[in-house]
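As a plain string of letters, each chain reads:
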Amino acid sequence: DSQNPTASTGAKPEQKEMGTGKEDPVSKPPVINEYADAQLHSLVRRLRQRTDFYKRKLVEADVSSPESSPQTAKPTAVSSTQESSAKLKEEHSQKVPLIEYLKRLRLPKNRFYLLWLSLVTIAFNWNCWFIPLRMVFPYQTPHNTHYWLITDLVCDTIYLFDLLLIQPRLQFMRGGDIIVSRGSGAAETDKEYQRLNYKTPVHVCLTNRMLKYTSFFEFNHHLESIMNKAYIYRVIRTTGYLLFTLHINACMYYWASSYEGIGSTRWVYDGEGNKYLRCYYWAVRTLITIGGLPEPQTLFEIVFQLLNFFSGVFVFSSLIGQMQDVIGAATANQNNFRICMDHTIAYMNTYSIPKIVQNRVRTWYEYTWASQRMLDESDLLETLPTTMQLALTVDVNFGVISKVDLFKGCDTQMIYDMLLRLKSIVYLPGDFVCKKGEIGKEMYIIKQGEVQVLGGADGTQVLVTLKAGAVFGEISLLAARGGNRRTANVVAHGFANLLTLDKKTLQEILVHYPDSEKLLMKKARVLLKNKAPGTGATPPNKGLAFLFPPKQETPKMFKALLGSSGKAGLARLLTLKREQTAQVMGQRERRAITETSR
């Protein structure tokens, strides 16, 4: 029953009131949530309306209208919605603990979150660089201790806010499920955060501040995803890794010198000059294995130097290899473009292709690479799932194809299928997109650039210039056997990027959308009729007869003869004939003069 959506739950009619022994004369299911109950009623009502609509459509056989995608209707229970919103306001007005309130906050996943990660990353880098420095070098003195404590307090405050405000909204994947800090997932979320942030005892206060590496790597990931040239940041980050490794090595050398005694041997630090710079200089020469260092004297110095050499070779070679991979990945597309262009040029030279054609091929390669940084966009889209392909094509091309009059009113899903089949073609300046008299087999949509429609007696007169967003050749898609011929030449005016849809592809799509196919045929009749304004007769409605060219207009000479009778009509006919003869002779004389001047 639509008025009782919970009747199918198997509730028994003999329900007794709690605390009484009498049976309820009117058995009604308990209403747990008025808003949910109103939504269920509204859903049942919409489903019934939808079923009745399609039943009438099947009975009446009304297939001339396009299939429309169902839209989600707004909830009709206004009073229930207001009551639920009032209850939510009352719940929010109640006092809740601070931690619970902070956990309920849902910050948007946008640049603000990236900004916060950058702040945490700065605090993390401060601790990673200065904690080893303060533990080894005597830079923290009783006179400047309060400055170090202020910086530690700022970093700890950032970590505390990250713990209480940001990390409670942490979500992660486990077994294919996204676990967030709500309900039963809150305990697992807190456990996951503790696993990532507290891997050492609490009493190790300084080193525990260096364990926020997860936020550091997350910041790198988000920053690279929004940068146009992420390889530049990767190079800078790899250089930072190298400098940090040298920094740790310098700290270890000063610790070893303090252990052996400052200035006790020729190998240790002699205590002169700037402590950090002298030790950093020694670390650079050791890790990069430049040589020329004092020989170690004691066993401790020999073992330390050997470990330093081995770690230097390993770390330095790893960083250099990582730098090479970063630069190679950044230039991989350009290298593939160069290889493809070199192979094409070698092919043209092998078969002695004319230089004019070779130059045009080179121009096409260079412009295609400069405009879209790839030779074929379909190669990029093929690696994505169909859902992602549709999302990209809708954002890029849906606004253009939705303006085509031929496809207005068609099923939206059919438009989506067409967007996935569109192909991008780049035309050079002066290239013929289509020629007069050709059989039209595809439709063109101007994505970028301009094209000119040429006509006139010699075919060089510019009739109209079409710019980005314009469409031409759409009638050819529905012509029987490509029976619609091109009526003018279309030439690319400058570089032009066009989207094409061929006849075969459209027919494969329309097989699944019969209503849209009939609507397209109906619109094609109207467009074809408007295309031939000289025809006053109505196109036939049977079959595909409307696709044949209309009857030509009756000549003026015969119209004059049919419109008059007797000597007046004959005199008018002779006068019209003499005017036509004079006009033809004049054209021949002008043509002869032109040829002579040439």
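Residues numbered from 1 in each chain as written. Predicted model: local features only at pLDDT ≥ 70, side-chain atom pairs only at ≥ 80, totals over all residues. Heavy atoms only, no water.

A.B. asks: An account of the environment of Leu319 is needed here, citing residue identities and associated values.
C.D. replies: Its location among the elements puts Leu319 in helix H11 (residues 299-330). C-alpha of Leu319 to C-alpha of Leu242: the two residues are 77 residues apart in sequence and 7.0 Å apart in space. The contacts of Leu319, once residues within four sequence positions are left out, are Thr238, Tyr241 and Leu242. (Helix = DSSP H or I, 4+ residues; strand = E, 2+ residues; numbered from the N terminus. Contact = heavy atoms within 4.5 Å.)

A.B. asks: Could you give an account of the layout of surface pockets, naming the residues involved and the relevant values?
C.D. replies: To find leftover empty space, one rolls a probe the size of a water molecule over the atoms. Quantified by volume, the largest pocket comes out at close to 690 Å³. Taken together, 27 residues make up the lining of the largest pocket; nearest its centre are Glu377, Ser378, Leu381, Thr393 and Leu422. Elements with a minimum of two residues in the lining of the largest pocket: helix H13 (355-372), helix H14 (377-382), helix H15 (386-401), helix H16 (412-421) and strand S3 (423-427). A breakdown of the residues in the lining of the largest pocket according to their chemical character gives 13 nonpolar, eight polar and six charged. (1 Å grid on protein atoms, 1.4 Å probe; cavity = no way out; pocket = protein on both sides within 12 Å on 5 of 7 lines; lining within 4 Å. Points joined across faces, edges and corners; volume = space filled by probe spheres on them. Nonpolar A, V, L, I, M, F, W, Y, C, P; charged D, E, K, R; others polar.)

A.B. asks: Please provide a residue-by-residue account of unusual backbone geometry, values included.
C.D. replies: In this structure, Ser352 is a non-glycine residue whose phi angle is positive, near 55°. Positionally, Ser352 belongs in the loop between helix H12 (332-350) and H13. Overall, the relative accessible area of 62% leaves Ser352 in the exposed class. (Buried < 20%, exposed > 50% of the residue type's maximum accessible area, 1.4 Å probe, protein only.)

A.B. asks: A description of the pairing of strand S6 (residues 461-466) should follow, citing residues and the corresponding values.
C.D. replies: For strand S5 (residues 442-455) and S6, the ladder comprises five bridges, and the chain directions are antiparallel. Bridge assignment links Gln452 to a residue of S6, and that residue is Thr465. Here S5 hands over to S6 after five residues, with Gly456 in that stretch at a positive phi of 90°. (Pairing = 2+ DSSP bridges.)

A.B. asks: Let's hear about the UniProt feature "transmembrane region" (unreviewed entry) in the protein: which residues, and what values?
C.D. replies: Look at the UniProt record and you will see "transmembrane region" (unreviewed entry) annotated at residues 112-133, 145-166 and 235-256. Secondary structure within residues 145-166 divides into 100% helix and 0% strand; the distance between the first and last C-alpha atoms comes to 31 Å. (UniProt positions renumbered as here; feature names shortened; annotations may be inferred.)

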